Amino acid sequence: MRKYSEETKKKLIEMSCNKCGKKISVENGIINEGMFTVAFGWGYFSEKDGQIHNFDLCEKCYDEYTKTFLIPVDVEERNEIV
Ligand SMILES: [Zn+2]
């Protein structure tokens, strides 16, 4: 869940994990923690066609969530570190 500044509507001022509600620190619009961010556009063959679902999970909730998977997350190493 993201809150943007009233003036510009663009600067991120607050962020919370959708699952546990934990507030994530944001400094000058930059998120200082690892967050799992989803912005998924459902397609024609779903019952949510035309909807975009947005949510954010903190790293702890992401780990708890993915541990429930029968088939684990496919993890690759990123070559470039930004
Ligand atoms: Zn959380």
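You'll find the structure just up there.
No experiment lies behind these values; they were computed from the predicted model shown.

Q: Could you clarify how one ought to interpret the side chain of Ser16 in this entry?
A: You can see Ser16 is positioned in strand S2 (residues 12–16). Ser16 has contacts with Met1, Gly21, Lys22, Lys23, Ile24, Met35 and Asp56, leaving out every residue within four places of it along the chain.

Q: So what exactly am I meant to see when it comes to the packing of aromatic side chains here?
A: For any pair of aromatic rings, the description consists of the separation of the ring centres together with the inter-plane angle of the planes. This structure, assessed with the given rule, holds 4 aromatic pairs. Consider the rings of Phe40 and Trp42, whose centres lie 5.1 Å apart with planes at 90°: the pair is edge-to-face. We classify Phe40 as partly exposed; its relative accessible area is 43%. For Trp42, a relative accessible area of 32% translates into the label partly exposed. When the centroid spacing of 5.1 Å and the interplanar angle of 80° are considered together, the rings of Tyr65 and Phe69 count as edge-to-face. Judged by its relative accessible area of 40%, Tyr65 falls in the partly exposed class. A cation over a ring is seen here: Lys48 above Trp42, with NZ or CZ 4.6 Å from the ring centre.

Q: Would you take a moment to explain the nonpolar core for this structure?
A: One recurring pattern in soluble globular proteins is that nonpolar side chains are buried together. Within the largest apolar cluster, 9 residues are counted, these being Leu12, Met15, Cys17, Ile24, Val26, Met35, Leu57, Cys58 and Cys61. If you list the elements that add at least two residues to this core, you get S2 and strand S7 (52–58). If we ignore the near neighbours within four places in the chain, the residues touching Leu57 are Cys17, Lys19, Met35, Phe36, Tyr62 and Tyr65.

Q: Help me out: how do you make sense of the coordination of the zinc ion in this one?
A: Within the protein, Cys17 (SG), Cys20 (SG), Cys58 (SG) and Cys61 (SG) serve as the donor atoms for the zinc ion, at 2.3 to 2.4 Å. In this structure, the zinc ion is coordinated by 4 donor atoms arranged in tetrahedral fashion, with angles at the metal of 104 to 116°. Its relative accessible area of 45% is what places Cys20 among the partly exposed residues.

Cut-offs used in this document
- Residues numbered from 1 in each chain as written.
- Predicted model: local features only at pLDDT ≥ 70, side-chain atom pairs only at ≥ 80, totals over all residues.
- Heavy atoms only, no water.
- Helix = DSSP H or I, 4+ residues; strand = E, 2+ residues; numbered from the N terminus.
- Contact = heavy atoms within 4.5 Å.
- Phe/Tyr/Trp six-rings, centres within 6.5 Å; stacked < 30°, edge-to-face > 60°.
- Buried < 20%, exposed > 50% of the residue type's maximum accessible area, 1.4 Å probe, protein only.
- Lys NZ or Arg CZ within 6 Å of the ring centre and 35° of its normal.
- Core = buried A, V, L, I, M, F, W, Y, C linked by side-chain atoms within 4.5 Å.
- Donors = N, O, S within 2.8 Å, 3.2 Å for Na, K, Ca; no water.
- Tetrahedral: all angles 85-135°; square planar, octahedral: opposite > 155°, others 65-115°.

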